[in-house]
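# Results of the structural survey
Chain by chain, the residues:
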Amino acid sequence: MNNKYSYLELLEKTQSTSKADRLAYIDFLLMFKGGLNRSDLTDFFGIKEASASAAISDYKKYRKDNVSYEHREGKNVIKLSTFNPLIKFDAESALSMLANGFSKGKVENLKFIPYERVALLPKKLDVEMISKVTRAISNRTAIDCEYFSRSIGHQIKRQLFPTAIFYDGISWMFRAYSLGSKFNDDGFKSFNFSRLKAATEEPNKFASPTQRIESDKEWHMSIPVVLKVHPSIQGSQKETLLYEFDMDRDTEQLTISVKAVLFYYLVEQWKIDTRIATDINNDRRGNDNYNFLLINRSIMEGYKCMENVLK
């Protein structure tokens, strides 16, 4: 089995920054997108097609069993059965690059100033599991998996057609069309990477038009959210919220637009009270756990996707 390199180890071996950068980028595209064209290299590095071809040939010298040229698709594609990454990719860094663009600094784990993540989940994300999901997103194909359902309390088998990734402020998530569950809850849903288990790629099972991201109405729908400082908050705590969230001081309100599918996570993290006035007034336990009050609840009740959030 060929060794995996850190970026610095690859740089030392190649003795060339440009060569190490191109090899790392090719490896990244193969692992997380499942393939690449020469144009991926010419566009990213600003090089000629001949140089792009040379870089791919150079990569094959290190990992000849990782890639093959698919004439029908006109691209270099991953050989799943024999793929062995050239680079040691960290799961969190890989997800960040997929969301924000490839960065040598993240491959190299380079920090310009001291930095740490708060409350990093104790369960380390599986980079191979992530790559199966992201390849399926790129190719619009399926994965068969087991997924731990928090509401049910155990693993259930699902066939998923992943469509997108997102970060909720705490966990890396992915969006997918789910089917094949015995609980008859087919449709677009959000999944946590850390609860995914035993994923198997199905490269020959392609998503139908209704299972693709274009058909995910909640993903594309943006909704207005009108918030007010919660009536339970006074004094310096209120001043802090007004300043931190740049709220209008006359109305003590804030209006933002958010994807419908992400509103649930906003409620959790911003501590938004979505209850009706009667429930708030009758709550004997107090309202100390909230920062904001949802002002436009009546309007949001008209969106079907808000049923679980506002119940």
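Check the entry above for the structure.
Residues numbered from 1 in each chain as written. Predicted model: local features only at pLDDT ≥ 70, side-chain atom pairs only at ≥ 80, totals over all residues. Heavy atoms only, no water.

### Some remarks on the overall build of the protein
- Along its length, the protein carries 13 helices and twelve strands.
- Across its three principal directions, the C-alpha atoms of the protein cover 70 × 50 × 35 Å.
- Out of the 311 residues belonging to the protein, those deemed buried represent 44%.
- Counting only carbon and sulfur atoms, one obtains 48% of the accessible surface of the protein, whose full area is about 17,700 Å².
- Seen as two clouds, the 46 positive and the 40 negative side-chain charges of the protein have centres 5 Å apart. (Helix = DSSP H or I, 4+ residues; strand = E, 2+ residues; numbered from the N terminus. Buried < 20%, exposed > 50% of the residue type's maximum accessible area, 1.4 Å probe, protein only. Areas by Shrake-Rupley, 256 points an atom, 1.4 Å probe, with all protein chains shown as cover. Lys, Arg positive; Asp, Glu negative; His and termini not counted. Charge placed at Lys NZ, Arg CZ, Asp CG, Glu CD.)

### Remarks on the pairing of strand E6 (residues 172-179)
- Counting buried positions along E6 yields eight of eight residues, so the element is predominantly enclosed.
- Neither face of E6 is left uncovered, since the one carrying Trp172, Phe174, Ala176 and Ser178 and the one carrying Met173, Arg175, Tyr177 and Leu179 both have all their residues buried.

### Examining helix H7 (residues 127-139)
- Here H7 spans 18 Å end to end across 13 residues, near enough to the 18 Å set by a 1.5 Å rise per residue.
- All of the buried residues along H7 are Val127, Met129, Ile130, Ser131, Val133, Thr134, Arg135 and Ala136.
- Two or three places before Glu128, at the start of H7, stands the capping residue Asp126, its side-chain oxygen 2.9 Å from that residue's backbone nitrogen.
- One or two positions beyond H7, positive phi appears at Arg140, with a value near 55°. (Expected span 1.5 Å × (residues − 1). Polar contact = N/O pair within 3.5 Å; in protein donor to acceptor, adjacent residues only side chain to side chain.)

### Structural notes on the sheet that holds strand E3 (residues 75-78)
- Sheet architecture is open: three strands sit in the order E1-E3-E2, paired in antiparallel fashion. Every interior strand has two partners, whereas the edge strands, strand E1 (35-36) and strand E2 (67-70), have only one.
- The pairing of E1 with E3 spans two bridges and is antiparallel. Paired with Gly35 across the strands is Val77, a residue of E3. (Pairing = 2+ DSSP bridges.)

### Brief notes about the sheet that holds strand E11 (residues 272-273)
- Spatial ordering of the open sheet is given by E10-E9-E12-E11, a layout of four strands whose pairing is mixed. Edge strands, defined here as strands with exactly one partner in the open sheet, are strand E10 (253-259) and E11.
- Of the pairings in the sheet, the one linking strand E9 (residues 222-229) to strand E12 (residues 292-294) comprises three bridges and is antiparallel in character. For Val229, the partnering residue across the bridge sits in E12 and is Phe292.
- Running at roughly 140° to E10, helix H10 (residues 263-270) makes contact with E9, E10, E11 and E12 of the sheet. (Contact = heavy atoms within 4.5 Å. Axes fitted to C-alpha atoms, helices over the stretch in contact; angles between N-to-C directions.)

### A word on the pattern of salt bridges
- By the definition in use, this model includes eleven salt bridges.
- The closest approach of N and O atoms between Glu214 and Arg140, which form a salt bridge, is 2.4 Å. Remark: Arg140 occurs in the loop between H7 and strand E4 (141-149) and Glu214 occurs in the loop between strand E8 (196-206) and helix H8 (217-220); sequence separation between them is 74 residues.
- In this structure, Glu218 engages Arg175 in a salt bridge whose closest nitrogen and oxygen atoms are separated by 3.7 Å. Of this pair, Glu218 sits in helix H8 while Arg175 sits in strand E6, and the two are 43 residues apart along the sequence.
- On the basis of relative accessibility, which here comes to 29%, the residue Glu218 falls in the partly exposed class.
- Looking at Arg175, the relative accessible area reads 3%, which means it is buried.
- The network of salt bridges with common partners includes Arg175, Asp216 and Glu218. (Salt bridge = Lys/Arg side-chain N within 4 Å of Asp/Glu carboxyl O.)

### Quick word on the environment of Asn296
- With respect to the helices and strands, the residue Asn296 is situated in the loop between E12 and helix H12 (297-300).
- Through-space distance from the C-alpha of Asn296 to that of Lys228 is 10.0 Å; in sequence the pair is 68 residues apart.
- Leaving out residues up to four positions away in the same chain, Asn296 has contacts with Pro224, Val225 and Val226.

### Remarks on H10
- Within the sequence span of H10, burial applies to Phe263, Tyr265, Leu266 and Val267.
- Backbone geometry just downstream of H10 places Lys271 in the positive-phi region, at approximately 55°.

Treat this as a map of the structure, not an account of what it does.
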